[in-house]
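Fold and geometry: a report
The chain contents come next:
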Number of protein chains: 2
Amino acid sequence: MSLDETAHKPHDRLAAYLAADMAAVNALIRERMASEHAPRIPEVTAHLVEAGGKRLRPMLTLAAARLCGYEGIHHVHLAATVEFIHTATLLHDDVVDESTQRRGRPSANLLWDNKSSVLVGDYLFARSFQLMTECGSMRVMEILSNASATIAEGEVLQLTAAQDLATTEEIYLNVVRGKTAALFAAATEVGGVIAGVPEAQVQALHAYGDALGIAFQMVDDLLDYGGTSAVIGKNTGDDFRERKLTLPVIKAVAAADAEERAFWTKVIARGQQDEGDLDRALGLMRRHGTLEATKIEAQAWAAKARTSLEILPEGELRTLLAEIADYVVARVS
Amino acid sequence: MSLDETAHKPHDRLAAYLAADMAAVNALIRERMASEHAPRIPEVTAHLVEAGGKRLRPMLTLAAARLCGYEGIHHVHLAATVEFIHTATLLHDDVVDESTQRRGRPSANLLWDNKSSVLVGDYLFARSFQLMTECGSMRVMEILSNASATIAEGEVLQLTAAQDLATTEEIYLNVVRGKTAALFAAATEVGGVIAGVPEAQVQALHAYGDALGIAFQMVDDLLDYGGTSAVIGKNTGDDFRERKLTLPVIKAVAAADAEERAFWTKVIARGQQDEGDLDRALGLMRRHGTLEATKIEAQAWAAKARTSLEILPEGELRTLLAEIADYVVARVS
C-alpha cells in the first residue's frame, strides 16, 4: 500500500492507499463472476464491472477493516460481496427504470435484454451470499442479509412513492436508506465486525456508513436538478421526468401555494409535462430555497458521518474517511 | 401429526403427516413476507403464496428433517427459506417468460408490473437469506447459497440455449438441475444436515432430491406436449411456442433426417411457426419415439430417487418419499 500525496480527491487517495487490497478484490470479482455453464453471465457482468465504477463501497469495507487493525484475508471477500450486491442492484434498477445508459455506456438491458439483466443480477446476489458464507461469521451474514432486504424494500417503496405527492421527508429517508445508505452502512460495519473491535466501534462504523450514504444520495438528488445553482445540464431533470419525489421536490410541494400545488399535481401526480415545466419546477425550488435546504441537510449528514469516526483509531485512514464525507457534499457547488 | 389413510395421492398423505409442521411454516411465511414500509411487498407475495402451490419443496425439507429424527424448530425456518427462494424464482421467471398466468391466476407481472415482480422477488431472496441465517449453520448457508447460484445459472443457460438446435442432452440436464433439481436437492439435504445425521445419509438425501427434481422436470416437459399420448390440450405447446429445447425436442432433432431438420430449424431456430406446425412436431416426436424415451428416462431418475433412500431410516416417512418419486412419473399416462 502506498499513499500518493499528489492525488487531489480523497477518493483517489483512499484508492491509492488501498491499492494492493483493491487489486485482490478485483481479482476475486473476476474469478467469481465466471460461470462454468453460462457464458452470458460473465459477459453481462464484465460489461458493468469493467466500465469502472468508483468502487466506493468495497473500498469502504477495506478501509473499515484496516482502520480497525484487521490483518486477515476476509475483508477482500466482503469487499467483493458488497460490490456484487451493488452490481446486482444496478442490473435490476436499470430494468425497473427502463434505463438506456449506465456508467456512460449502454445499459445491459439495452445491449442484451431485460431477461439477462434480471437473471444475471440474481446470479450475482447468489454469488454474494456464497462469498460472505466463506468468511464464516454469522454476524456478518446477518448484517448483509438484513441490508439486502432493506435495499429491496427501499426500491419497492420508491416504486410506490413515485408520483405520489403525499410522500413525506420521512418516507424519502426510508427510500434513501434502502437505495443507498443500507449498503454503505453494512459495508463499513462488516469491516469492524471481522476485525473484532468493541461493539461501540462497530456501531460507529455503521453510523458513519449510514450518514455518508444519506449525504451521498441527497447530493445525487440535488445534482439531478443541477445543484444549488439549478443550472440545466445534459443530465438534469431525469428524476423530474420519472416523477420521483426527491427531497428538493418534497420540500417545494410542502411550501407550495394553491397554484403551485396545481402545477406539481399536473407534472408529478398526473405526469403531464410540457415544454418549460422543468424550468418552472426549478424556479419554484429556487423561490422556496429547497435546493439550498437540501444541501444543508446533506452537509449535516456528512458532519454526522465525520463525528461518528471520533471513537475509531486515529491515523491516515480515519482522516481519509472523514475527508470522503466532506468530499461527497463538496460535489455541489 | 396425523396420517389420513384415506387420502389417495402420496403428496396429500405427506401433507397430512406433516400438517402441524406445515402450519408453522405457513405462519412463518406470512410473518416474514410482511414489510414495515412497503405494503406492495406482501400484496404481491400473498397473491402468489395464497394461490396455494403444492408446497412440495418445503414439505421435502420437513420430511427429510423428521425422517432423520430432527426434534428442533429450525426445519420450519429452512422450509420457509426454500419456499421463499422458490417464490422469488417464480416472480422473476414470469418476467423473463412474459407469462400472464401462474397457478391458475393472472401472474403478478400482469396484475402489478414487471418492476414489482423483479423487486419483490429480490426482497424474498433477501428474506430467505435472513431466515437461513437464523439457523446458525454455516453448512446450511453454503448448501442454500450454492443452490441459489445454480438456479440463476440454469435460468441464464436456458435463456441462451432456447432456440439453439445445438443444445445437447447434457446442456438440458444442466438447465433442469438449475431450474428444478438444485432446489429439490438442497431442500432435502439441509433437512439431514440440521438433524446431524452421518455424511452418507446427507449425501443420500441430496441424491434423492436431485433425482426427484430431474424426474419431475422431465415429466413437466413431457406433459407440455400432452404426455406420451401427445394429445393437444389447452396448455399444450407452451414450450414449443417459446422455442425451448426440452428433451423430447432434443431427441427428435438428433433423430431428424434432412427434411425434418429443416422443419426444426424453421420453427425453433428461426421461430417461424405456422398453423399445423405443433401437430407436425408432435408427429415427428411420435415417429421417433422421443416422448416414450423421455418417459423412460424420467422413470429411471425416479427409480434412482427411490434407491437413494435405502440407507435412510425405515418407516412411514421413507415410504411416503419413495411413493412421491413414483407419483411424479405416474402423472404421465
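Please refer to the structure placed before this passage.
Residues numbered from 1 in each chain as written. Chains lettered and ligands numbered in written order. Predicted model: local features only at pLDDT ≥ 70, side-chain atom pairs only at ≥ 80, totals over all residues. Heavy atoms only, no water.

1. Digging into the relation of the copies chain B and chain A
In the superposition of chain B on chain A (RMSD 0.0 Å, axial shift 0.0 Å), the rotation amounts to 180°. Read as a symmetry element, the transformation amounts to a two-fold axis. A shared interface surface links the copies, since 100% of the contact residues of chain B are contact residues in chain A too. (Least-squares fit on C-alpha atoms with pLDDT ≥ 70 in both. Contact = heavy atoms within 4.5 Å.)

2. Some details on the interface of chain B and chain A
Contacts between the two partners involve 40 residues from chain B, matched on the other side by 41 residues from chain A. Our count for the contact surface shared by chain B and chain A stands at zero salt bridges. Counting across the chain B and chain A interface gives six residue pairs in polar contact (both at pLDDT 80 or more). Of all elements in the fold, only helix H3 (40-49), helix H5 (74-96), helix H7 (114-133) and helix H8 (138-161) of chain B reach the threshold of two or more residues within the side of chain B that touches chain A. Considering each element in turn, the side of chain B that touches chain A owes the most residues, 14 residues, to H8 of chain B. For the side of chain B that touches chain A, the residue count by class is 18 nonpolar, 13 polar and nine charged. (Salt bridge = Lys/Arg side-chain N within 4 Å of Asp/Glu carboxyl O. Polar contact = N/O pair within 3.5 Å; in protein donor to acceptor, adjacent residues only side chain to side chain. Helix = DSSP H or I, 4+ residues; strand = E, 2+ residues; numbered from the N terminus. Nonpolar A, V, L, I, M, F, W, Y, C, P; charged D, E, K, R; others polar.)

3. Digging into unusual backbone geometry
Residues and elements named next belong to chain A. Even without being a glycine, Arg243 presents a positive backbone phi close to 60°. Assignment of secondary structure puts Arg243 in the loop between helix H11 (238-241) and helix H12 (247-254). Of the residues examined, Arg243 reaches a relative accessible area of 19% and is grouped as buried. (Buried < 20%, exposed > 50% of the residue type's maximum accessible area, 1.4 Å probe, protein only.)

4. A closer look at the packing of helix H9 (residues 169-195) of chain A against helix H10 (residues 199-223) of chain A
Residue and element names in this part refer to chain A. The interhelical angle for the contact between H9 and H10, taken along N-to-C directions, is 145°, at an axis separation of 7 Å. For H9 against H10, the interelement crossing comes out right-handed. When the residues that make up the contact of H9 with H10 are grouped by side-chain class, the tally is 14 nonpolar, eight polar and five charged. (Axes fitted to C-alpha atoms, helices over the stretch in contact; angles between N-to-C directions. Left-handed = near helix turned anticlockwise from the far one by under 90°.)

5. Quick look at the environment of Gln130 of chain A
Within the element layout of this structure, Gln130 of chain A appears in helix H7 (residues 114-133). The sequence separation of Gln130 of chain A and Arg32 of chain A amounts to 98 residues, and the corresponding C-alpha distance is 9.7 Å. Beyond its immediate sequence surroundings of up to four residues, Gln130 of chain A is in contact with Ser145, Asn146 and Ala149 of chain B. At 2.6 Å, the side chain of Gln130 of chain A and the side chain of Asn146 of chain B are in polar contact.

6. Notes on helix H13 (residues 258-269) of chain A
Residue and element names in this part refer to chain A. Every buried residue belonging to H13 is among Glu260, Phe263, Trp264, Lys266, Val267 and Ile268, and all of these are buried. The buried residues of H13 occupy an angular sector of 165° when the element is viewed end-on, so they sit on one face. Where the residues of H13 are buried, they touch H11, H12 and helix H14 (277-287). A distance of 3.1 Å separates the backbone nitrogen of Glu259 from a side-chain oxygen at the start of H13, and that oxygen is part of Asp257. After H13 finishes, the residue Gly271 shows a positive phi value of roughly 75°. (Arc of directions from axis to C-beta.)

7. Comments concerning the environment of Val96 of chain B
By secondary structure assignment, the location of Val96 of chain B is in helix H5. Its relative accessible area of 6% is what places Val96 of chain B among the buried residues. The residues touching Val96 of chain B, leaving out its near neighbours within four places in the chain, are Lys115, Val118 and Leu119 of chain A together with Leu159 of chain B.

8. What to know about the pattern of salt bridges
In the structure shown here, the tally under the stated rule is 37 salt bridges over all chains. Residues Asp21 of chain B and Arg66 of chain B are paired through a salt bridge, measuring 2.8 Å at the closest nitrogen-oxygen approach. Taken as a pair, Asp21 of chain B in helix H2 (residues 19-32) and Arg66 of chain B in helix H4 (residues 56-67) lie far apart in primary sequence, 45 residues in all. Between Asp238 of chain B and Arg241 of chain B there is a salt bridge, and its shortest N-O distance comes to 3.0 Å. Taken together, the positions of Asp238 of chain B and Arg241 of chain B, both in helix H11 (residues 238-241) and three residues apart, correspond to about one turn of that helix. Connected through salt bridges with shared partners, the residues Glu31, Arg32 and Glu134 of chain A form a single ionic network.

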